[in-house]
Amino acid sequence: MDEQLLETWAIHNRINLYLLDAIPADALVGVSASKGRTVAEQFAHVHNVRLMWLKQAAPELLADLQKVEKTEAADHSRLRAALESSAAAIAELLRQSVAAGGRVKGFKPHVTAFLGYLVSHESHHRGQIALTLKQAGHPLDKKIAYGIWEWGVR
């Protein structure tokens, strides 16, 4: 079961990166019809929320991680590196939480629900990203739109 939680997190993060890698650089600055965050800022928000949870639950895992500011969010390589590093730190938090009997400091009820929370939050933003891209004139290719649901191959 413990390995399944970690594998689920890894698949979920690979899907985030799959989506990011499919977005052309000029589309990262796209904004939805209702304004709000750009596509890049939504990815940065995902990373920054991970850091918020790490600060709360395991600050020692924040070592070299830095928030992605709005001014640097449109840098694809910066976003990708940030998401990769925060995903690794979250994986370690999940490992530690399982070893500690399933507890995540500052989150109730348990580590499985915490994973569900993270996946739900980040998937919500994937949906917002897809909508923003469409409204900004850069709709996702159908292969990518369907590909984010292919958990068995990602």
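In what follows, the structure referred to is the one given above.
One structure accompanies this document, and this report is about it. None of the values given here were measured: they were computed from a predicted structure. (Residues numbered from 1 in each chain as written. Predicted model: local features only at pLDDT ≥ 70, side-chain atom pairs only at ≥ 80, totals over all residues. Heavy atoms only, no water.)

## Some points on the layout of surface pockets
Considering only enclosed or pocket space, the largest pocket measures out at about 160 Å³ in volume. For the lining of the largest pocket, the element with the highest residue contribution is helix 4 (residues 111–135), accounting for 4 residues. (1 Å grid on protein atoms, 1.4 Å probe; cavity = no way out; pocket = protein on both sides within 12 Å on 5 of 7 lines; lining within 4 Å. Points joined across faces, edges and corners; volume = space filled by probe spheres on them. Helix = DSSP H or I, 4+ residues; strand = E, 2+ residues; numbered from the N terminus.)

## Quick look at the pairing of strand 2 (residues 35–38)
Relative to strand 2, strand 1 (residues 31–32) runs antiparallel, the two being bridged by 2 bridges. Its bridge partner being in strand 2, valine 31 is matched across the sheet by threonine 38. (Pairing = 2+ DSSP bridges.)

## A word on the pattern of salt bridges
Summed over all chains, the structure comprises 6 salt bridges. With a closest N to O distance of 2.3 Å, glutamate 84 and arginine 80 form a salt bridge. A residue pair is termed a helical-turn pair when its members lie 3 or 4 positions apart in one helix, as glutamate 84 and arginine 80 do in helix 3 (residues 76–99) at 4 residues. What you see here is one network of salt bridges that share partners, running through Asp21, Arg80 and Glu84. (Salt bridge = Lys/Arg side-chain N within 4 Å of Asp/Glu carboxyl O.)

## Brief notes about the packing of aromatic side chains
Applying the stated criterion across every chain yields a total of 5 aromatic pairs. Considering the side-chain rings of tryptophan 53 and phenylalanine 114, the 5.4 Å spacing of their centres and the 75° angle between planes classify their relative orientation as edge-to-face. Placement of tryptophan 53 in helix 2 (residues 39–57) and of phenylalanine 114 in helix 4 is noted, with a sequence separation of 61 residues between them. Taking the relative accessible area as the measure of exposure, phenylalanine 114 reaches 0% and is therefore buried. Centre to centre, the rings of phenylalanine 107 and phenylalanine 114 are 5.2 Å apart; their planes meet at 70°, and the pair counts as edge-to-face. The class of phenylalanine 107 is buried, set by a relative accessible area of 13%. We note arginine 154 situated over the ring of tyrosine 18; from NZ or CZ to the ring centre the distance is 3.9 Å. (Phe/Tyr/Trp six-rings, centres within 6.5 Å; stacked < 30°, edge-to-face > 60°. Buried < 20%, exposed > 50% of the residue type's maximum accessible area, 1.4 Å probe, protein only. Lys NZ or Arg CZ within 6 Å of the ring centre and 35° of its normal.)

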